[in-house]
Amino acid sequence: MAEPKENLQMEKIVSLCKRRGFVFQSSEIYGGLNGFWDYGPLGAELKRNVKELWWNAMTRQRDDVAGLEATIIMSPKIWEASGHVATFADLMRECPLTKKRVRADQVEPQSGTAYHFEGATDFDEYDNFAKKFPAQNQDQVFDELLRATGNELNFTETVIKLVKQHGSLRTDEIPAMAKTSEERFSVLLSAGKPPESAQKTAKEFYKQRGLKNPNLLGERAQKVENSTDFHPESGALLNEARPFNLMLQTYVGPIQSEENIAYLRPETAQAIFAQFKNVLETSRQKVPFGIAQVGKAFRNEVTPRNFTFRSREFEQMELEFFIKPDEVIEAIHGSVFTVQGSGLENSEPGTPNPEPQPNWGWQAWHHYWVEERVRFYEGIGLSRETLGFHHQTPAELAHYARACTDILFKFPFSKKDAAGNVIGDELEGIAARSDFDLSQHQRFSGKPMGVFDEELRAAWAKLPKEKQDALWKRYYDNRKNYLTKSAKPDETPEQISQQATEDANGLAKGQYIPHVIEPSAGVDRLILALIANAYTETTKTDDKGKSETIYVMKFHPRVAPIKVGVLPLLKNKPELVKKAIEVRDLLRPWMNVYYDDGGSIGKRYARQDEAGTPFCVTIDFDTLGEKPELLDSVTLRYRDDGRQERLKISELRDWLLARIR
Ligand code: GAP
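Residues numbered from 1 in each chain as written. Predicted model: local features only at pLDDT ≥ 70, side-chain atom pairs only at ≥ 80, totals over all residues. Heavy atoms only, no water.

### Topic: the site of the ligand
Consideration 1: Close contacts around the ligand come from 19 residues, with Glu267, Glu301, Ser311, Glu318 and Glu426 the closest.
Consideration 2: With respect to the ligand, the side chain of Gln316 contributes an N or O atom lying 3.0 Å from an oxygen atom.
Consideration 3: One of the side-chain nitrogen or oxygen atoms of Glu318 is found 2.6 Å away from a nitrogen atom of the ligand.
Consideration 4: For the ligand, whose unbound accessible area comes to 550 Å², protein coverage reaches 88%.
Consideration 5: Tallied by class, the residues present in the shell around the ligand amount to 5 nonpolar, 5 polar and 9 charged. (Near = heavy atom within 4 Å. Polar contact = N/O pair within 3.5 Å; in protein donor to acceptor, adjacent residues only side chain to side chain. Areas by Shrake-Rupley, 256 points an atom, 1.4 Å probe, with all protein chains shown as cover. Nonpolar A, V, L, I, M, F, W, Y, C, P; charged D, E, K, R; others polar.)

### Brief notes about the sheet that holds strand β5 (residues 101-103)
Consideration 1: Read from one edge of the open sheet, 3 strands run β5-β4-β12, paired in antiparallel fashion. Of all the strands in the sheet, the pair left with one neighbour each is β5 and β12 (242-245). Taken pair by pair, the neighbouring strands of this sheet meet at an average axis angle of 50 degrees, ignoring direction.
Consideration 2: Alignment of strand β4 (residues 89-94) against β12, held across 4 bridges, turns out to be antiparallel. Paired with Ala89 across the two strands is Asn245, which belongs to β12. (Pairing = 2+ DSSP bridges. Helix = DSSP H or I, 4+ residues; strand = E, 2+ residues; numbered from the N terminus. Axes fitted to C-alpha atoms, helices over the stretch in contact; angles between N-to-C directions.)

### Some thoughts on the confidence of the model for the protein chain
Consideration 1: Across the protein chain, the average pLDDT comes to 94, with 97% of residues at or above 70.
Consideration 2: This model gives residues 1-6 a pLDDT under 50, and the stretch forms 12 contacts once residues within four places in sequence are excluded. (pLDDT = per-residue confidence, 0-100. Contact = heavy atoms within 4.5 Å.)

### Focus: the sheet that holds strand β18 (residues 403-409)
Consideration 1: Reading across from one edge, β3-β15-β16-β22-β19-β18-β17 is the order of the 7 strands in this open sheet, with mixed pairing throughout. The two strands at the open ends of the sheet, each matched to only one other strand, are β3 (65-67) and β17 (387-391). Each strand of the sheet is rotated relative to its neighbour by a mean of 20 degrees, with strand direction disregarded.
Consideration 2: As paired elements, β18 and strand β19 (residues 425-432) share 7 bridges and run antiparallel to each other. From the neighbouring strand, Leu408 faces β19, where its bridge partner is Glu426.

### Some words on unusual backbone geometry
Consideration 1: In this structure, the amide linkage connecting Val287 to the following residue, Pro288, adopts the cis form with an omega of 5 degrees.
Consideration 2: Secondary-structure assignment places Pro288 in the loop between α10 (276-283) and β15 (289-298).
Consideration 3: For Asn306, which is not glycine, the phi dihedral falls at a positive 55 degrees.
Consideration 4: When you line up the elements, Asn306 lands in the loop between β15 and β16 (313-323).

### Some points on the packing of aromatic side chains
Where two aromatic rings form a pair, the distance of their centres and the angle of their planes describe that pair.
Consideration 1: In the structure shown here, the tally under the stated rule is 31 aromatic pairs.
Consideration 2: Ring centres of Tyr368 and Trp369 lie 5.2 Å apart, and the angle between their planes is 80 degrees; this geometry places the pair in the edge-to-face category. Per residue, the accessibility class of Tyr368 equals that of Trp369, and both read buried.
Consideration 3: Members of the aromatic cluster, joined through ring pairs, are Phe321, Trp360, Trp365, Tyr368 and Trp369. (Phe/Tyr/Trp six-rings, centres within 6.5 Å; stacked < 30°, edge-to-face > 60°. Buried < 20%, exposed > 50% of the residue type's maximum accessible area, 1.4 Å probe, protein only.)

### Concerning the nonpolar core
Consideration 1: Counting 63 residues, the largest nonpolar core has Tyr377 and Phe555 as its most contacted members.
Consideration 2: Beyond its immediate stretch of four places on either side in the chain, Tyr377 contacts Leu382, Leu387, Ile407, Leu427, Glu428, Ala521 and Leu526. (Core = buried A, V, L, I, M, F, W, Y, C linked by side-chain atoms within 4.5 Å.)

Take a look at the structure:
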C-alpha cells in the first residue's frame, strides 16, 4: 500500500523515516495495512520523549493537574452519552464501480466530459438463439425477440412460435427474456480521452450487475467544470453522501451479539469525564483542576492520508481542565476576568504565561491554555513561525462549545491561502466545552457529576437579592439551553424547566457542574511535525565533481531520540575503547547514549547527524593524557554546525543534562 506521493519533501521524509528506523508501515511484510504505522528504534525513543515531556509539563510540573490511565475499551454507554454512537461520523461517498470510499469533503475538483447512461440490456441469449436459425433468418429472429422484450406474455408467445419454427430445441437453449438494468451510471473523462473509454467503463459497471453482454442505453455527453462528484481514480459518478461512523467495533465476551458490542475508544477524553468523581475524591484537588491522560485512540478514518497525519490507530495527549462556571466566579469574586479576542498573535515569545487567578472565567482559561500549549511547542523546537492558528467560527463549533482554537503546524503537504502563505494543519485543538460532557454523563449514568464548593455557598448567602436573581437566571438559561438541546425524545418542556430550576437552585447550596477547557493533542501528528521540522539536507560536491547529499535531523535536544553519541577515536586501541565505555556507562543512567566504534569518525558523525543526535563526544589520545593538560577531557561536537570544543569528563553529565532537559 504505497503512500500517495503528496510532494517531494514528504517523499524524502517518508524515505528517511524508513531508512533510519523512525517509522515503518505496519504489517509491511504482508503488504501493509492502510492507516497503521509502527515506530522503529529511533521513532520509539522520539515518541517516548514527547509523551514524557508532555506528561511532565502537564502533570508533574503543576499542582493543579492529576493523571489517569484508563482502559481502551469502556462501557458502550460512555459513547452513547458522549454522542459518538449517534454523531461521530464523516460524510462519505462510494464509487459504484470500485466500491472505494472517499470523504465527501476531500474530493478534488475535476473537469472534462461526463458520459451518462440510462441503463443497459443484455442480448447475449438472443444472439445465441438466433444463431441456431439459418443465416438469412437470424436478424429477423433477433428483432422479434427484441420487440417482445418487456412484456412477459408476448415474449413467451414469440419464443413458442420461434421454437416451433425451428423444430426441436433443448430447454437450456430456449432464451430467457433479456436482463435489463435501469440503474443509471455516469463517468467523467478528462479532455482528450475517447468516448469508447466511457463505454468500456459503463459496460464494466453493468457486467457487475449481472449483465453478460450489456448494450448501453440512453448515452448522453455533458461538459463538466470543477466537479467534486466523480471518483478521482475511476471517474465514476459517486453515490450520494452517507454518514459513516468512525468508531471501530469489537465484541466483549464469547458471544458476538448486539448487546456485546463495544468500541475501541475514539478519544481518550471520555474516560476522564467518566472517572471525574473518583479522581476528584482521591487526588484532593479542587476546581479549577485538570485530569491528564496519554493513550491510544482508534478511528476508522475513511481516507487515512499524509503518512501518519491521519491514521486509524494513533495516540492522544489530552487534558480536561475543569473550571467554575462564570456565574459561580461572579458570585464569589464579584466579577469575571475575561480576555477579549485571543491576543495570541501579539504574545511575546519567551515571556512567561501569567499565573492563573481565582477570578478567571472560561475565556481567560481558554486563552491561558492556548498560550501554555504554544509555549510547550516552542520549548521542543517548533517556533511560532512554524505554527498557525485557526479560531473555529460559530458555524464550525459544536453546539455545546463556546470556542475552539486549533494550533496548526505548517507541514510540507499543508495547503496555501490565496496570498501564497502556508496555512498549516491541525496539531492540537483547545476547546471550551462548557459543562456538556459531565452533564451528559450525569444524565446517562444517573450519577451526580456536580461538585460542592463551600466558598460559593458562603458567598451566595451574602449576595444582594438582585444579584442572586440575575446569576440564578443566567445559570438557569444555560442549563435549560443544554437540557433542551440534548433532551431525550420522551422529555417534556416542563420536565426540562424543572430540571433547570433544580440545577440553578443548587448555586445557593454551593453546587454546580464544572465547565471544561480541553487541550487535545495528537502524539503522532506532533512526531510528524518534529520530523518535518528537523529535516535538513545539503548537497556537497567535492573537487572531483562527485556530489553527496548530507541529511541532518535537527531535533531539539529535549526530544532527540539519542542525546549523545560516544565514540572512541580508534576501535583497535584498547585504552581508547576502555575509556569510551567508561564514559558511556557514566552517562547511561541519565540519558539515551549511543556507543559507536564502527567506521571512520566522519562516518560515525554523519550517522548520528541523520539520527538527530545533538552532541557527540570523542575519546582521543588527549583524553588519555597525550597532552597532559587535556587528560580526562573529550572532544564535544555539536550536530548543527559541526563545532567542536573540549570538555572535562567530570563536567560532561551536568553539561548535557542542562541542555537535554
Ligand atoms: N477529545 C477531543 C478530540 O479528540 P480531535 O480534534 O478529534 O478532538 C484531537 O482530536 C487531536 O487528536 C487532533 O488535534 C489530532 O492531533 C489528533 N488526531 C485526531 N484524529 C487523528 C487521526 N486520525 N490520526 C492522527 N491523529 C489524530
